[in-house]
Every structure is written in C-alpha cells, then in structure tokens.
Amino acid sequence: MKTFKIAALCLSMAAAAFTVQAKEVKYEADVAIVGGAPAVMVAAAYAAENGLKPILVEKLPGVGGNLMMLEITFGQRTKFTDQDQVYYPSDELIADFLAYSHYMVNPIMVRRFIERSGENIKWLTNRGVEIVGNTATELNGRRVGHIYKNVFPHRNFIEAMRKIILDNGGQIIVETRADKLIQNADGRVVGLHAKNYLNDDVIVHAKGVILAAGGYGANPKLLKLLNPDMPADTPITGRKNSTGDGIQMGIDIGAKTAGGEAFISEGALPYKVDYREVINQKTWIAANVLNKGPSLQLNKNGRRFFNEGLSGDFSVSGNALRINGNYLYTLIDDDEKRDLETGSGAVFGYFGHALPGDKMTGLSNLFSGKGRMAEVAFVGSTIEEVAKKAGLDPKAVRATVDRYNKLCDEGVDSDFNKDRRYLRPVRKGPFYIVKGQHTICDTAGGLLVTEDAQVIGKNGDPIPGLYASGAMAGGKYGPSYVYNVATGYASASAMMGGTFAVQDIAKKSFKRKIVYTADLPNKK
C-alpha cells in the first residue's frame, strides 16, 4: 500500500512539473480582425498593402471560414460583363435593390457596395484570385454573379490573401478564440481579449477592431434572440462552428442588432441530404435542381402554395416554405422526367453546379429506391400511389393535380399567376415526387453598421473603434436576401465592408486617406 501511495505521489509531482502554465500574451496592431472568412482575409490584405499592420485572430486551426461554400460573387461593370456585352447601370440596380428590401436598408451603403463591386472583382483577380466568368440570376437574366475556377475559391483565395498579409507585416493567429472587446475610459474600442489553445490570455491592442467571424447559425441562444420565428427543423448548411462570437462581443458592450428576420435561404434542398453531397453528386444535384425548378410543387398538405415559376429566387421560395410547413414535394410525370434527362434539361440551374439546359442524368438513380434515395424520391404508377409513398394525402394530391392540369389546359394560372411557359400538365405515368426541406445557407442579421461598417450602439451613435462586416453585419438586406437583384451580394458586401472599415480606421485614427483602387500598390 505504501509503495502504491509513493508511486502515485511521484506521478502526480511529475505531471505537475510538466503542466504548462497559462500566461498573458500581448500584441500590438493597427487593425485587429476577428475571424478567418472572406471579409477578414480581404480586410487584412487591404490593410497590409496600404501600410497598416493587421492581426487576424481565428478560433479554428486554419483560415477560410465559409470559403469552402462560397460559390459566386456579385460584380457590376467588370471585364467579364464587358466580354458578355452586358451592362446594368448602377442606378437601376440600386433602385431594384431598395424596392426589393422595402427600403429597410441604408441607401448610401447600398450605393457604395454596388458602385464598388466591379472594382472589387478586379481587385481580387489582380491579386491572383481565379475568377473565370459570370452567370445570370435565374429569373431576370442579369449576368452579375461571378464564378470561381473549380466552382469554389477556397485554397486559391486563401493563399493569395495570406501572401499579401504576411509579406506586408501582418500576422495570422489561429486556434485563438476572441471573447471580449477592450474599451478605454471614453468607451472607444481599443483591442480585444482572446483565449488560445494553451488557455493563454491573448490581448491584442489596436486602433480599430473589425468583427467578421461569420454567422450565428450554430448558436441556439442567438437564433432565439435574433430570429425567434425560425422553425426549429430548419437545417443550416454553414459551418457548425458559426456561433456568432463577434455578435455576442458587440452585444456585450451595448451594440445594436438588426436584420435578424433575414436569412440567406437555399430554398429546398433534398430531404436529409448534406449540402456537400448536393453540390458534388449528380444524383443529389438532380434532386436539388428539380426542387428549384418551376414544376408542380406541393406543401405537406398536398396543395400548391406559391408561384413555382419564382423558385429560382431562393428568398421567395424560402419565405413561402417557412410559412407553409418547411417541406416541399415536387411532382412530375414521366414526360417531364425524360425531358429533364435527355431533352431540354434543367429549366433553372444552381450556380456553377448546374446550368440551365444541363441534362439531369442523375434522375434514374434518384428514383431507384436504393438506400437514402428511398427517403427522398418516390415513384408510383398513379398519382394516388406516389402521393401515398411520399406520405401525402392521396385525395388532396389528386384534387391539386386535377386543378393544375385544368389551368395548364387553359394556359392561364389564375391561382398563382405562374408564367404560362412553365405550365406543364402532369398526366403520363409513372409519376415522381422529390421531397425537399427548407434549408438556410447562412444567417443574415447581426450588428447594425453604418456605410463605413462602423457598429452602432443602442443609443444610435457609432461605437468608436468597432466595425463589423460579412455575416456579422446586420441591416444590409432588409427582410429578405437579394438573390434576384444581385446574386452573390453576400460575399461581395462582406469583402467590400472590410475595406470600408480599413479606410475609416485609417482616416479617424491615423489621419490618412486611403483611396480605393484595384491596382496593385506601387512598391518603391
């Protein structure tokens, strides 16, 4: 017994000897930036190449944020729109944006974003980010959504920005979670506190702090606070560590929030299918495209519930799904299935993953009844049979189909005003149903900001030294995200918002005016 106690004591003393004691680590920066997403990388790179020292603080082992799912970036008057010989005046885009948002946005901010968007695309490409073209929005055909090489810009984007940051004296600190803002006696934000993986207290002193650490979709507390009406069974495709830490940091010092009712909807994704599969496997791409097309769509009661011709605007379809039970059932007949597979192909596409006219060759496997496909896709020789297999009321679905076919024969949708081009009867068996579930790409509310990206306090005044961009900045969209006006606006405004913040910090803290230009800096 004594031997055991002595051995245990020795082990305890040895463990104590090797215990790493937490310490305080201090850094000095011109600009401290929380997060590792596109807004952060661009802000840090922009600050660094303009002579300000940025320190980027990221809680994950690496930077990138939602870059792995960034598919498209808005830009007006770029070399890509010029190549396609398309031109959209700023005033036209701004007017449509304000109308779509019901004027629940800052019009000066909207103008700054839209007018700088073309230069933002040029700024990225001049620094090595591989953008290869642009694509149209589904409903109005505006070619303003710029697409990246290999669909996603992840590694290429990170390395291009990282090189600028590090080559110009900036620092990137990972595995370090920011949790508090530091203010001086006058209330100015002068830095931040964080904890690293060693449990050290990390202090970053700075003239300005930019919060851009992504949305709050993985934080139930913030979801309840900012978007209490969101149905509990709404999947969010964003990163599972999007906990809105920066939003909470702002709230803790009296920041005002805005835009919580808005969200960036994906419309309906295939039921229980992960987003990463939806964009990589042709079976699930076909299911996704079908649920985002203008075919007959039903709610869980077996009834039509909105104009399916608007499905290409995911904000519209997402809003409709949100108040109609969150689930969608797309019903087609064999003629339409064959046309999708081998005929005219997809009516609406899905960013760079499927374009209008692409053949949906994954449909046969989708309706094979194998594995998980059996939970998503259903086949029946009659309307009643396929409805029953999908868990719908056969009588209700039959009544809906009969009514819909009558409207198709008349050539006028007097129920929901769907464009007659999309009125296609459902008559020839077998019949097919694909089940979808309303899914959110990211949250869109956060800390209310000015057109300079400065965070506003509850008293209505800007909080000196504090800025926010990306998904942490609220009030940028109004009640709905602007898919149909400016596809890719979320990523574009995130990047540009970071540069607005850097310019404002330079002006107010260093008495310097940084003129925005896409040109590479002239190093002498």
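Parameters at a glance
Residues numbered from 1 in each chain as written. Predicted model: local features only at pLDDT ≥ 70, side-chain atom pairs only at ≥ 80, totals over all residues. Heavy atoms only, no water. Helix = DSSP H or I, 4+ residues; strand = E, 2+ residues; numbered from the N terminus. Rg over C-alpha atoms; globule rule 2.2 N^0.38 Å. Buried < 20%, exposed > 50% of the residue type's maximum accessible area, 1.4 Å probe, protein only. Contact = heavy atoms within 4.5 Å. Lys, Arg positive; Asp, Glu negative; His and termini not counted. Charge placed at Lys NZ, Arg CZ, Asp CG, Glu CD. Axes fitted to C-alpha atoms, helices over the stretch in contact; angles between N-to-C directions. Parallel < 35°, antiparallel > 145°, perpendicular 65-115°, else oblique. Nonpolar A, V, L, I, M, F, W, Y, C, P; charged D, E, K, R; others polar. Phe/Tyr/Trp six-rings, centres within 6.5 Å; stacked < 30°, edge-to-face > 60°. Lys NZ or Arg CZ within 6 Å of the ring centre and 35° of its normal. Polar contact = N/O pair within 3.5 Å; in protein donor to acceptor, adjacent residues only side chain to side chain. Salt bridge = Lys/Arg side-chain N within 4 Å of Asp/Glu carboxyl O. Pairing = 2+ DSSP bridges. pLDDT = per-residue confidence, 0-100.

1. Digging into the overall build of the protein chain
Turning to step 1, where the next piece is worked out: Helix and strand counts for the protein chain stand at 17 helices and 21 strands.
Turning to step 2, where the next piece is worked out: The globule rule puts the C-alpha radius of gyration for 524 residues at 24 Å, and the 26 Å found for the protein chain is close to it.
Turning to step 3, where the next piece is worked out: Its C-alpha atoms put the protein chain at 80 × 75 × 45 Å along the principal axes.
Turning to step 4, where the next piece is worked out: When burial is assessed residue by residue, the protein chain has 58% of its 524 residues classed as buried.
Turning to step 5, where the next piece is worked out: Put simply, 72% of the contacts in the protein chain that link residues at least 6 apart link residues at least 24 apart.
Turning to step 6, where the next piece is worked out: Looking at the protein chain, you have 64 positive and 55 negative side-chain charges, and the mean spots of the two groups are 4 Å apart.

2. What to know about the packing of helix α5 (residues 107–126) against helix α17 (residues 489–510)
Turning to step 1, where the next piece is worked out: Put simply, α5 and α17 touch, their axes get as near as 9 Å, and they point 95 degrees apart. Between α5 and α17, the interaxial angle falls into the category roughly perpendicular. Contacts from V110, R112, F113, I114, R116, S117, N120 and L124 in α5 reach Y489, A492, S493, M495, M496, G497, T499, F500 and Q503 in α17.
Turning to step 2, where the next piece is worked out: In the contact of α5 with α17, the residues fall into 9 nonpolar, 6 polar and 2 charged.

3. Brief notes about the packing of aromatic side chains
For any pair of aromatic rings, the description rests on two quantities: the centre-to-centre distance and the angle between the ring planes.
Turning to step 1, where the next piece is worked out: Under the criterion given, the structure shown has 15 aromatic pairs.
Turning to step 2, where the next piece is worked out: With 5.0 Å between their ring centres and 85 degrees between their planes, Y477 and Y481 make a pair best called edge-to-face.
Turning to step 3, where the next piece is worked out: In this structure, R112 is placed above the aromatic ring of F500, and the distance from its NZ or CZ to the ring centre is 3.9 Å.
Turning to step 4, where the next piece is worked out: The ring of F314 carries K292 above its face, with NZ or CZ at 5.2 Å from the centroid.

4. Things to note about helix α12 (residues 334–342)
Two residues of an α-helix separated by three or four positions point the same way, owing to the 3.6 residues in each turn.
Turning to step 1, where the next piece is worked out: For α12, the complete set of buried residues consists of D334, E336, K337, D339, L340 and E341.
Turning to step 2, where the next piece is worked out: Contact partners of the buried residues in α12: α10 (282–291), β15 (327–333), α13 (363–366) and β17 (431–443).
Turning to step 3, where the next piece is worked out: N-cap assignment for α12: the residue whose side-chain oxygen lies 3.3 Å from the backbone N of D335 is D333.

5. Points about the pattern of salt bridges
Turning to step 1, where the next piece is worked out: This structure, assessed with the given rule, holds 32 salt bridges.
Turning to step 2, where the next piece is worked out: Taking the shortest distance from any N to any O, the salt bridge between D167 and K163 comes out at 2.8 Å. Separated by 4 residues within a single helix, D167 and K163 lie in helix α6 (residues 154–167), roughly one turn from each other.
Turning to step 3, where the next piece is worked out: Residue class for D167 comes out exposed when judged on its relative accessible area of 54%.
Turning to step 4, where the next piece is worked out: On the accessibility criterion, K163 (54% relative accessible area) is exposed.
Turning to step 5, where the next piece is worked out: Salt bridges here are not isolated pairs; linked through shared partners, they connect R304, E308, D413 and K418.

6. A short note on the pairing of strand β6 (residues 143–148)
Turning to step 1, where the next piece is worked out: Where strand β4 (residues 72–74) and β6 come together, 3 bridges link them in antiparallel fashion. Each bridged residue has a counterpart across the sheet, and for F74 the counterpart in β6 is G145.
Turning to step 2, where the next piece is worked out: Sheet analysis places strand β5 (residues 131–136) next to β6, joined by 5 bridges and oriented antiparallel. Residue pairing across strands places T135 opposite G145, the latter belonging to β6.

7. Brief notes about the sheet that holds strand β11 (residues 208–211)
Turning to step 1, where the next piece is worked out: Ordered in space as β7-β3-β2-β11-β20-β19, the 6 strands form an open sheet in which the pairing is mixed. Either end of the sheet is taken by a strand with one partner, and the two such strands are β7 (171–173) and β19 (454–456). Strand after strand, the sheet turns through a mean of 30 degrees between neighbouring axes, direction not considered.
Turning to step 2, where the next piece is worked out: The pairing of strand β3 (residues 54–57) with β7 spans 3 bridges and is parallel. The partner of L56 across the bridge, within β7, is I172.
Turning to step 3, where the next piece is worked out: Strands β3 and β7 of the sheet are contacted by α6, whose axis makes an angle of about 115 degrees with β7.

8. A short note on the environment of N156
Turning to step 1, where the next piece is worked out: Locating N156 in the fold gives a position in helix α6.
Turning to step 2, where the next piece is worked out: With a relative accessible area of 24%, N156 lands in the partly exposed category.
Turning to step 3, where the next piece is worked out: Separated by 3.0 Å, the side chain of N156 and the backbone oxygen of G128 make a polar contact.

9. What to know about the confidence of the model for the protein chain
Low-confidence regions, as indicated by low pLDDT, have predicted coordinates that should not be scrutinised in detail.
Turning to step 1, where the next piece is worked out: This prediction gives the protein chain a mean pLDDT of 91; 94% of its residues lie at or above 70.
Turning to step 2, where the next piece is worked out: Within the model, pLDDT remains below 50 along residues 1–9, and this stretch shows 0 contacts once partners closer than five positions in the same chain are excluded.
Turning to step 3, where the next piece is worked out: This model gives residues 13–18 a pLDDT under 50, and the stretch forms 0 contacts once residues within four places in sequence are excluded.

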